[in-house]
Amino acid sequence: MNAFIGVLVLSAVALSLAGCGEKPQTASGRKSDQAAWQGTANTSRADTGWTAGDRESWALHMQKRAQDQNEYTRTSVPARASVSVSASVSASAP
Amino acid sequence: MARMKFICDTERCIECNGCVTACKAEHDVPWGVNRRRVVTLNDGVPGERSISVACMHCSDAPCMAVCPVDCFYRTEEGVVLHDKDTCIGCGYCSYACPFGAPQFPSNGAFGLRGKMDKCTFCAGGPEANGSAAENEKYGRNRLAEGKLPSCAEMCSTKALLGGDGGVVADIFRTRVLTRGKGSEVWGWGTAYGKPTAAKPAPATRS
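Residues numbered from 1 in each chain as written. Chains lettered and ligands numbered in written order. Predicted model: local features only at pLDDT ≥ 70, side-chain atom pairs only at ≥ 80, totals over all residues. Heavy atoms only, no water.

Draft legend 1. Geometry of the layout of surface pockets. Residue and element names in this part refer to chain B. What the second largest pocket holds in volume is close to 210 Å³. Among the secondary structure elements, those contributing two or more residues to the lining of the second largest pocket are helix H1 (18-27) and helix H4 (132-138). Residues belonging to the lining of the second largest pocket are distributed by class as follows: 6 nonpolar, 3 polar and 8 charged. (1 Å grid on protein atoms, 1.4 Å probe; cavity = no way out; pocket = protein on both sides within 12 Å on 5 of 7 lines; lining within 4 Å. Points joined across faces, edges and corners; volume = space filled by probe spheres on them. Helix = DSSP H or I, 4+ residues; strand = E, 2+ residues; numbered from the N terminus. Nonpolar A, V, L, I, M, F, W, Y, C, P; charged D, E, K, R; others polar.)

As structure tokens, this is what we get:
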């Protein structure tokens with residue numbers, strides 16, 4: 001009888017411990033991303049002319065940098081277009 | 001806030017693949033994965049055009065809609081990114097994307113399909129900006145460095161423009177209005193002369 005109870009207790013212990021090895025299978029979900037305007041840990045490669053953590057200065061800096069792709073503003077070749085590039089940049093600035 | 005976009009000017013793209021190389025080098029993209037590629041239409045016939053294609057960071061991205069584990073997210077600048085720790089590599093996004101942007105590394109003896117990889121607009125991933133973990137999984141985070149995507153900044157003819165949608169659209173509009181259209185396109189007159197009146201067709205024998 002004692003042996004039967006012992007086996008019963010041991011199997012109950014084994015069953016109760018069985019859950020300990022189980023890993024959680026719940027989805028972790030999406031992580032929150034750090035915004036680009038907050039800057040980077042790798043500051044040695046960062047461009048100058050804006051302040052990390054200042055959203056406005058980052059946005060303005062990126063708009064100026066995007067304008068560097070416009071050769072009409074970089075060379076003396078006049079654009080025939082009636083569109084004023086500088087005016088539109090200042091208009092779209094936050 | 002800025003809404004980041006790419007525009008490729010097909011009149012200027014010379015199929016040099018500089019954008020592809022810049023992207024590969026900047027992010028140490030593995031063999032078999034091309035975040036950006038140059039597609040040529042009507043190859044070899046007059047009027048052929050080349051266009052540089054990558055993730056277009058759609059405003060209503062189909063990859064986000066079909067992902068069963070919801071690993072995609074959009075940053076406040078409108079860049080569509082994904083979390084490789086959540087991605088299960090199922091490939092649904094690849095079927096949904098009209099641009100073929102999602103890529104899957106296929107190295108290994110049995111063509112193992114790993115986690116999805118795609119253009120990040122040089123904005124990294126959900127890890128801390130500029131961290132080693134982010135760099136290893138997604139490549140460099142140039143936006144957090146105050147720079148634009150490497151492909152666009154490296155483009156020699158400035159066919160590929162990247163940045164705030166309003167600014168790049170303005171650059172493109174100015175360019176189109178300046179160079180004109182058809183035979184007025186910048187460079188055409190230099191290479192082939194001014195367009196002349198068509199010669200009368202030779203008389204045919206009856």
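From this point, the narrative continues.
Draft legend 2. Looking closely at helix H1 (residues 2-18) of chain A. Here H1(A) contains 17 residues, and its C-alpha end-to-end distance of 24 Å stays within 8% of the 24 Å for a straight helix at 1.5 Å per residue. Of all 17 residues that make up H1(A), 0 are buried, and the element is exposed over most of its length. (Expected span 1.5 Å × (residues − 1). Buried < 20%, exposed > 50% of the residue type's maximum accessible area, 1.4 Å probe, protein only.)

Draft legend 3. Here's a closer look at empty space enclosed by the protein. All names here are of chain B. As enumerated under the stated definition, the model contains 4 cavities of 30 Å³ or more in all. For the largest cavity, the calculated volume is near 100 Å³. The wall of the largest cavity is formed by 15 residues, among which Cys13, Cys16, Cys19, Cys155 and Ala159 lie closest to the centre. Of the residues in the lining of the largest cavity, the class split is 9 nonpolar, 5 polar and 1 charged.

Draft legend 4. Structural detail: the nonpolar core. Of all hydrophobic cores here, the largest spans 37 residues; its most connected members are A:Trp58, B:Met4, B:Val79, B:Leu143 and B:Leu160. A per-element tally of this core places helix H2 (residues 55-67) of chain A first, with 4 residues. With residues up to four places along the chain from it excluded, the contact list for A:Trp58 reads A:Ala36, A:Trp37, A:Trp50, B:Met1, B:Met4, B:Glu77, B:Leu143 and B:Gly146. Listed in part, the 10 residues of the second largest apolar core include B:Cys71, B:Val80, B:Cys87 and B:Cys93. (Core = buried A, V, L, I, M, F, W, Y, C linked by side-chain atoms within 4.5 Å. Contact = heavy atoms within 4.5 Å.)

Draft legend 5. Summary view of the pairing of strand E1 (residues 4-8) of chain B. All names here are of chain B. In E1, alternate side chains face the same way, and those of Met4, Phe6 and Cys8 are buried while those of Lys5 and Ile7 on the opposite face are not. Note: E1 against strand E6 (residues 160-164), 5 bridges, orientation antiparallel. Of the residues in E6, the one forming a bridge with Cys8 is Leu160. (Pairing = 2+ DSSP bridges.)

Draft legend 6. View of the interface of chain A and chain B. With 39 residues of chain A at the interface, the matching set in chain B holds 47 residues. Of the roughly 3600 Å² buried where chain A meets chain B, counting both sides, 52% is carbon and sulfur surface. The tally of links from chain A across to chain B stands at 4 salt bridges. Note that A:Glu71 and B:Arg12 form a salt bridge whose closest N and O atoms lie 2.9 Å from each other. Our count for the contact surface shared by chain A and chain B stands at 15 residue pairs in polar contact (both at pLDDT 80 or more). Put simply, the parts of the chain that give the side of chain A that touches chain B at least two residues each are H2, helix H3 (71-74) and helix H4 (85-92) of chain A. Counting residues per element, the side of chain A that touches chain B draws most heavily on H2(A), which supplies 8 residues. Across the side of chain A that touches chain B, the residue classes tally to 15 nonpolar, 14 polar and 10 charged. (Buried area = accessible area lost by both parts, 1.4 Å probe. Salt bridge = Lys/Arg side-chain N within 4 Å of Asp/Glu carboxyl O. Polar contact = N/O pair within 3.5 Å; in protein donor to acceptor, adjacent residues only side chain to side chain.)

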